[in-house]
Structures are given as structure tokens and as C-alpha cells.
Amino acid sequence: MLKEERQRVILNEVALHNRVLLSDIAESLDVSIDTVRRDVKELDGAQKLRKVHGGAISMGFTGQRRTNENVYALAEKTIIAEKAISLLKEGSVIFINGGTTCLEMARMLPLDMKLTCFTISLPVAIELLRKPNVTVIFIGGQLSADSQIAMGAQTVQQLSEIMVDYCFTGTGYVDSLHGLTEFDWEIVQLKKAVIKASKKTVLLCISEKLNSQHRYRTCDINMINTMITELDPNNNLLNLFRNHDIRLL
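Residues numbered from 1 in each chain as written. Predicted model: local features only at pLDDT ≥ 70, side-chain atom pairs only at ≥ 80, totals over all residues. Heavy atoms only, no water.

With respect to the overall build of the protein
- Each helix and strand in the protein was counted, giving 8 helices and 15 strands.
- The burial tally for the protein puts 53% of its 249 residues in the buried class.
- Of the contacts formed within the protein by residues at least 6 apart in sequence, a portion of 61% connects residues at least 24 apart.
- When the accessible surface of the protein is summed, it comes to about 11800 Å², and 50% of that surface belongs to carbon and sulfur atoms.
- Distance between charge centres in the protein, computed from 29 positive and 29 negative side chains, equals 3 Å. (Helix = DSSP H or I, 4+ residues; strand = E, 2+ residues; numbered from the N terminus. Buried < 20%, exposed > 50% of the residue type's maximum accessible area, 1.4 Å probe, protein only. Contact = heavy atoms within 4.5 Å. Areas by Shrake-Rupley, 256 points an atom, 1.4 Å probe, with all protein chains shown as cover. Lys, Arg positive; Asp, Glu negative; His and termini not counted. Charge placed at Lys NZ, Arg CZ, Asp CG, Glu CD.)

A look at the sheet that holds strand S12 (residues 198–204)
- As summarised here, the arrangement of the 7 strands in space is S6-S5-S4-S9-S12-S14-S15, forming an open sheet in which the pairing is parallel. The open sheet has two edge strands with one neighbour each: strand S6 (134–138) and strand S15 (247–248).
- When strand S4 (residues 93–96) meets strand S5 (residues 115–119), the two strands line up parallel, connected through 3 bridges. Counted as the bridge partner of Ile94 is Cys117 from S5. (Pairing = 2+ DSSP bridges.)

Points about the environment of Ile96
- Here Ile96 is to be found in strand S4.
- The exposure class assigned to Ile96 is buried, which follows from its relative accessible area of 0%.
- A C-alpha to C-alpha distance of 8.1 Å links Ile96 and Ser121, two positions 25 residues apart in sequence.
- Those residues in contact with Ile96 that sit more than four places away from it in its chain are Cys102, Met105, Leu109, Cys117, Phe118, Thr119, Ile120, Val124, Leu128 and Phe168.

Considering the side chain of Ser147
- Relative to the helices and strands, Ser147 resides in the loop between strand S7 (142–143) and strand S8 (150–151).
- Within the structure, Ser147 has its side chain in polar contact with the side chain of Ser144 (distance 3.2 Å). (Polar contact = N/O pair within 3.5 Å; in protein donor to acceptor, adjacent residues only side chain to side chain.)

Things to note about the pairing of strand S11 (residues 179–182)
- Pairing of strand S10 (residues 173–175) with S11 involves 3 bridges; the strand directions are antiparallel. Within S11, the residue paired with Val174 across the bridge is Leu180.
- Hairpin geometry of S10 and S11 is characterised by an intervening segment of 3 residues between the two adjacent antiparallel strands.
- Where S11 and strand S13 (residues 216–219) come together, 3 bridges link them in antiparallel fashion.

A few points about the nonpolar core
- Membership of the largest hydrophobic core comes to 28 residues, with the highest contact counts inside it found for Ile96, Met105, Phe168 and Leu204.
- Where this core is concerned, the elements lending two or more residues are helix H4 (74–85), S4, helix H5 (100–108), S5, helix H6 (122–128), strand S9 (164–169) and S12.
- Core analysis: the next-biggest nonpolar cluster, separate from the first, contains 16 residues, Phe118, Met151, Cys167 and Val194 among them. (Core = buried A, V, L, I, M, F, W, Y, C linked by side-chain atoms within 4.5 Å.)

Some points on the sheet that holds strand S1 (residues 19–21)
- Strand order in this open sheet of 3 strands is S1-S3-S2, and the pairing throughout is antiparallel. Looking at strand neighbours, the two that pair on one side only are S1 and strand S2 (50–52), the edges of this open sheet. If you compare each strand with its neighbour and ignore which way they point, the axes differ by 25 degrees on average.
- In terms of strand pairing, S1 meets strand S3 (residues 55–57) through 3 bridges, oriented antiparallel. (Axes fitted to C-alpha atoms, helices over the stretch in contact; angles between N-to-C directions.)

So this is what it looks like as C-alpha cells:
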């Protein structure tokens, strides 16, 4: 495979999943980690992604960006955010997780809607502060320099002390059989705590992530009350999920 082709695959994977491991890319492309590392370093130099220890993250995923120009599949994520907002009721207590789709939801919340919103995401919290009728409660902990979310035991402990009406969360990978999965064990522990702290869990997921999986399971698909994609709920790509106790929106 030519370097241009490899780098195109790397950029697509990073854009889709926000963060990838060099080892996973090397395995999928059947090349050495050193080769992938050189490609990632070159792409980082061209400011097409950001190189981090053992992997890479998308430019839209990192930093307190003022614009959403680097967000992958922005049109699809905007549709998902609009659908998610339609579930909200005045006065609800909700949780919005980190990630680009959740951030678009926070950005699009109506200015006149009164809500109490918990989050572990610094970018989401900053966006919510622009909404005059939203009470923002930030759940703290050690902030990740990459994703700018609070992590660790302190964060999980604080999550165990709340119960929200809805949590809105993304996922790295989702499959009708294997449920929600991630490659990062610590992220899985956080998302488990978030789901446990919620009466209803809403998954925000672009359709490109459907039928994908990784090594650590966050939860079974039946733990999700509603799955929102940019697709029409009757789309055939969602057929495998119709056998489960989950609302498709």
C-alpha cells in the first residue's frame, strides 16, 4: 500500500473514532508500527491530526475550538443533535458526555430551555455556560489533556452520587451483538458510571460506527434506551438493532 493510501486510511479512522492506537492501525494495514508512527508524525506536521503517546487524535476532538470546521461528519452530527434535543423537557436534569457529537448537542441547545446539566467534559461545560437558562454542574477529576474530560476514581465516585433523567453519550464502537465498546479501559469505567447514574441512556452515534467493535465492553446494547443516528429509523442499516429492546430515533 502506498504512503498516500495509508495516510488516507489513518485520517479516516481518526476522524471516525476521534482517537486511534498505532498498534490497531498497523495491524489493520499489515504494516509495522514504525511505519504508522512515521505516517502519523507526518500528518501531525501537516496539522491534519494530533500525535499523542501510542496513537493519534483528530483535530476536531482536541482543544477548545471556537469553530466546528474540523468536526468529521458535521452534517450528520447536527441531525443527531437535533433529534437528541427533541427528547428534552423543560426542567429536566441531564448529563451530556464528551465528544464531538455531544458538543454539537450542547452548542445547539435552545437559549430559552431551562435545564440542569451535569458533564465531565470541559468543552461541553464551556459551551453550556453560554446558555442562560442552563444550570451547569461540572463533575471534576484529573483532566485529560487530549479529550479535556475529567477522569479517574474521583470522577467515578462523584458520578455514583447523582441520578439524572437522561444521559447523552457517544461511543467509539457499537454492535448489535457486542454492544458498546472502546479501546480505552479507563473510558469504559467512566461510561459505565455515567450509564449507572442515569434513568435513561441515549446513544448518539453516526451510522459509520454501526457494526464495529473493540476490546473493552462498556455495556450490552439493551442497556441503551434510545439510539440516535442521522438515518431514518426505518433504514435497513438499523435492522440488526430492531431485535433488541431499544428505541431507534
